[in-house]
Amino acid sequence: METSKITLEVVAPHGLVVREDVDEVNAIPGSEGEFGVQPGHMNLVTTLKIGVISYKSAGSEKYVFINSGYAEVTASSISILADSAEKAEDIDVERAIAAKQRAEERLKHADNVDFTRAAAALERATARIQIAKR
Ligand code: ATP
């Protein structure tokens, strides 16, 4: 039977970030590319990269920052296990700006190993700043 809502659950190491019955999920940052999910989607499991989940609930668009992880999709649910995640309204912008500056400073002097780590920190900070502004 066709279901009309999707239960979206986002869990990070510090606990539950989102558990909500939503109309649709417009964007999930899959490692192989961004994808959307509507009720009745085929089952799938995928890894996630740093990015933003956007979804529609009660007529409004909502955003959640995702720092990598896994997603399991069924016809009526999406379960996400992320390394870290925050709802847009919970993002501390000052902290993200400070993290961005630290990462940019490190990238100026980075050797190869540090580069990967600093580039990921920069990506996280940039995504957080972007979604906190929406
Ligand atoms: P920072 O250098 O500021 O710690 P980070 O990208 O290294 O940033 P993470 O490792 O992704 O941080 O997250 C560590 C914890 O801090 C997680 O619980 C995450 O949700 C939280 N966190 C990180 N940055 C922010 C932020 N700007 N606003 C709110 N929570 C944040």
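On a predicted model such as this, the values are computed, not experimentally measured, just so you know.

Here is what the cut-offs are and how they apply
- Every chain is numbered independently, its residues counted from 1 as its sequence is written.
- Residues qualify for local features only when their pLDDT is at least 70, as the model is predicted, and side-chain atom pairs are given and counted only at 80 or more; totals for whole chains, interfaces and linings, by contrast, use all residues.
- To obtain the side-chain values, all non-hydrogen atoms of the structure were used and water was disregarded.
- When we say a residue is near a molecule or strand, we mean one of its heavy atoms is within 4 Å of it.
- Pairing of N or O atoms within 3.5 Å defines a polar contact, subject to two protein rules: one partner must be a possible hydrogen donor and the other a possible acceptor, and residues neighboring in sequence count only if both atoms are side-chain atoms.
- The method behind every accessible area is Shrake-Rupley, applied with a 1.4 Å probe, and residues are considered shielded solely by the protein chains displayed.
- For the purposes of this entry, the term helix denotes a DSSP run of H or I that reaches at least four residues, the term strand denotes a run of E that reaches at least two, and both are numbered from the N terminus.
- Note on residue categories: nonpolar means Ala, Val, Leu, Ile, Met, Phe, Trp, Tyr, Cys or Pro, charged means Asp, Glu, Lys or Arg, and polar means any other residue, Gly included.
- Domain ranges listed in this record stem from an automatic or a database domain assignment.
- In this analysis, two residues are considered to be in contact whenever any of their non-hydrogen atoms come within 4.5 Å of each other.
- Once two parts are joined, some of their accessible surface, as seen by a 1.4 Å probe, is lost; buried area is that loss totalled over both.
- Put simply, a salt bridge is a Lys or Arg side-chain nitrogen that is within 4 Å of an Asp or Glu carboxyl oxygen.
- Relative accessible area decides the class of each residue, using a 1.4 Å probe on protein chains only: under 20% of the type maximum gives buried, over 50% gives exposed, and in between gives partly exposed.
- Here the rule is simple: two strands pair whenever DSSP picks up at least two bridges between them.

Draft legend 1. Molecular detail of the site of the ligand. Contacts to the ligand come from 14 residues, most closely from S84, E86, R102, R124 and R128. The contact in question runs from an oxygen atom of the ligand to an N or O atom on the side chain of S84, over 2.7 Å. Within the side chain of R102, one N or O atom sits 2.7 Å away from an oxygen atom of the ligand. With the chains in place, 70% of the 590 Å² that the ligand exposes on its own is no longer accessible. Put simply, the parts of the chain that give the shell around the ligand at least two residues each are β10 (85-87), α1 (93-109) and α2 (112-133). Among the residues making up the shell around the ligand, the classes are represented as four nonpolar, three polar and seven charged.

Draft legend 2. Summary view of the domain arrangement of the protein. By the assigned domains, the protein splits into domain 1 (6-88) and domain 2 (92-132). The gap between the C-alpha centroids of domain 1 and domain 2 is 23 Å. Between domain 1 and domain 2, the residue contacts involve nine residues of the former and seven residues of the latter. At the boundary of domain 1 with domain 2, total buried surface from both sides reaches about 680 Å², with 71% on carbon and sulfur atoms. Considering only the side of domain 1, the residues that lose the most area to domain 2 are I50, F65 and A88, jointly responsible for 65% of the buried surface there. At the surface where domain 1 touches domain 2, the tally comes to one salt bridge. The closest approach of N and O atoms between R128 and E86, which form a salt bridge, is 2.8 Å. For the pair domain 1 and domain 2, the interface holds one residue pair in polar contact (both at pLDDT 80 or more). Element by element, the count of residues in the side of domain 1 that touches domain 2 is highest for strand β7 (residues 60-66), at three residues. Of the residues belonging to the side of domain 1 that touches domain 2, the class tally is six nonpolar, two polar and one charged.

Draft legend 3. Summary view of the pairing of strand β3 (residues 24-30). In terms of burial, β3 is a largely internal element, six of the seven residues being buried. Where β3 meets strand β6 (residues 51-57), three bridges bridge the pair, whose relative direction is antiparallel. Looking at the pairing, V25 lines up with Y55 of β6. Pairing of β3 with strand β4 (residues 33-37) involves four bridges; the strand directions are antiparallel. Note that in β4 the partner of I28 across the bridge is F35. Counted along the chain from β3 to the antiparallel partner β4, the turn is two residues long.

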